[in-house]
Amino acid sequence: MVPLSGKICVVTGAADGIGKAVAIALAEAGAIVYISGPLKVEGGNETLVPCLQNTVREAEAAGGICIPVECDHTSVDDMEHLFDRVRDEKYCQLDVLVNCAFSGEPVLKEKRNEPFWQASLELWDMASQAGMRSYYIASRRAASLMVPARRGVIINVSSMSGFKALFNTAYGINKAACDRMTEDCSRELKEYGVAVLSLLPGLVKTEFLLECANQNKLNFEEEMALSQGETPQFVAKAVLNLVTDQNIMDKTGEIYTTVDIADTFKFTDVHGIKPLHPLSLRANMLYIGKWRLAKWIPRFVMAPKSLLIANAIGP
């Protein structure tokens, strides 16, 4: 069964992590997927460093097609080139955009507790240019192709930091802006049959975080929280179920957690595991290092808004 046969998708930031898993899942489901990010590794081991070539190989092994487009997501010209290729090569067809691009994960972890007035403006640029601005440019170009066809789906991969303090102020502001962009863009696009949603994962076991764990760069509390996290493949399942949902317009403008989508469409993470809801009280106790308390809290109890606002991940 290939539910996305004949569909054209774009996934930004598909060299690793969530973007890579989403691109492979969409390609395996039959779509032709344009992917953006660093194309290859010069003079290094490309099996160890994120690059689009790895995503292409894994998609092909799964029977899918990914078309790599080298792209610096901080560059307007590169972003425009990506969508120019889709427009010119696929006769203006674009069915799905998944915004995943981000470049500052290592720096954000290193600087996660640094006060905003002491932090370099580089942190803001990382969060806003490769993240929020690239989301806006991509959504703008995608909408220009979807509106004439009166169909399409745009999914913005968001973050818990839109609800609670996480990493640092620059990151949180931009992720909150992502969710606001979803709301405003959906209002303008609804009459054209184009759905726009924010998808909010929990703590994701990305290659970067797993490597940090392997190198003992995480503290005990962070390792405990990561152990209860979700895989990029779980996020990809959520995206695939959303873009194949015949009632997707009923969801436009909303923010959905991956666990919400899993509950609706009845799927689990790898090995049948059900991740914690990112806004649950148990998950948030883990995020702030209260792991002894967390194990006694039922999974279904949601965290109060005061806790989400007041606490940040990490010590």
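Preceding this paragraph is the structure being described.
Residues numbered from 1 in each chain as written. Predicted model: local features only at pLDDT ≥ 70, side-chain atom pairs only at ≥ 80, totals over all residues. Heavy atoms only, no water.

**Q** I'm lost on the sheet that holds strand β2 (residues 32-37) in this one. Help?
**A** Two orientations exist for strands paired in a sheet by backbone hydrogen bonds: parallel and antiparallel. Within the open sheet, the 7 strands sit side by side as β3-β2-β1-β4-β5-β6-β7. Their pairing is parallel. In the strand order of this sheet, the two ends are held by β3 (65-70) and β7 (255-257), each with one partner. Taking each pair of neighbouring strands and ignoring which way they run, the sheet shows an average axis angle of 20 degrees. Direction of pairing for β2 relative to β3: parallel, over a ladder of 6 bridges. In the sheet register, I32 faces β3, and the bridge partner there is I65. Running over the sheet, helix α1 (residues 17-28) touches β1 (8-11), β2, β3, β4 (96-99) and β5 (152-157) and is turned about 170 degrees from β1. Sheet contacts for helix α3 (residues 76-89): β1, β2, β3 and β4; angle to β3, the most-contacted strand, approximately 135 degrees. (Pairing = 2+ DSSP bridges. Helix = DSSP H or I, 4+ residues; strand = E, 2+ residues; numbered from the N terminus. Axes fitted to C-alpha atoms, helices over the stretch in contact; angles between N-to-C directions. Contact = heavy atoms within 4.5 Å.)

**Q** Can you help me understand a nonpolar patch on the surface in this one?
**A** Side chains of L121, W124 and I173 sit close together on the surface and give an oily, nonpolar patch of about 330 Å² of accessible area. Locating W124 in the fold gives a position in helix α5 (residues 121-149). The exposure class of W124 is partly exposed, given its relative accessible area of 36%. (Patch = residues over 30% accessible without salt bridge, like charges linked within 9 Å, V, L, I, M, F, W, Y side chains within 5 Å. Areas by Shrake-Rupley, 256 points an atom, 1.4 Å probe, with all protein chains shown as cover. Salt bridge = Lys/Arg side-chain N within 4 Å of Asp/Glu carboxyl O. Buried < 20%, exposed > 50% of the residue type's maximum accessible area, 1.4 Å probe, protein only.)

**Q** Explain the state of the cysteines to me, please; I cannot follow it from the model alone.
**A** A covalent bond between the sulfur atoms of two cysteines is referred to as a disulfide. Under the definition given, this model contains 0 disulfides. Free cysteine: C185, not disulfide-bonded; nearest cysteine sulfur from C178 at 9.7 Å. (Disulfide = S-S within 2.5 Å.)

**Q** Teacher, can you tell me more about the packing of aromatic side chains here?
**A** Given two aromatic rings, one states the distance between the centres and the angle between the planes to describe the pair. The tally for this structure, following the rule as stated, stands at 2 aromatic pairs. With centroids separated by 5.5 Å and ring planes inclined at 90 degrees, the aromatic side chains of F116 and W117 adopt a geometry described as edge-to-face. Of the two residues, F116 and W117, neither departs from the other in class, the shared state being exposed. (Phe/Tyr/Trp six-rings, centres within 6.5 Å; stacked < 30°, edge-to-face > 60°.)

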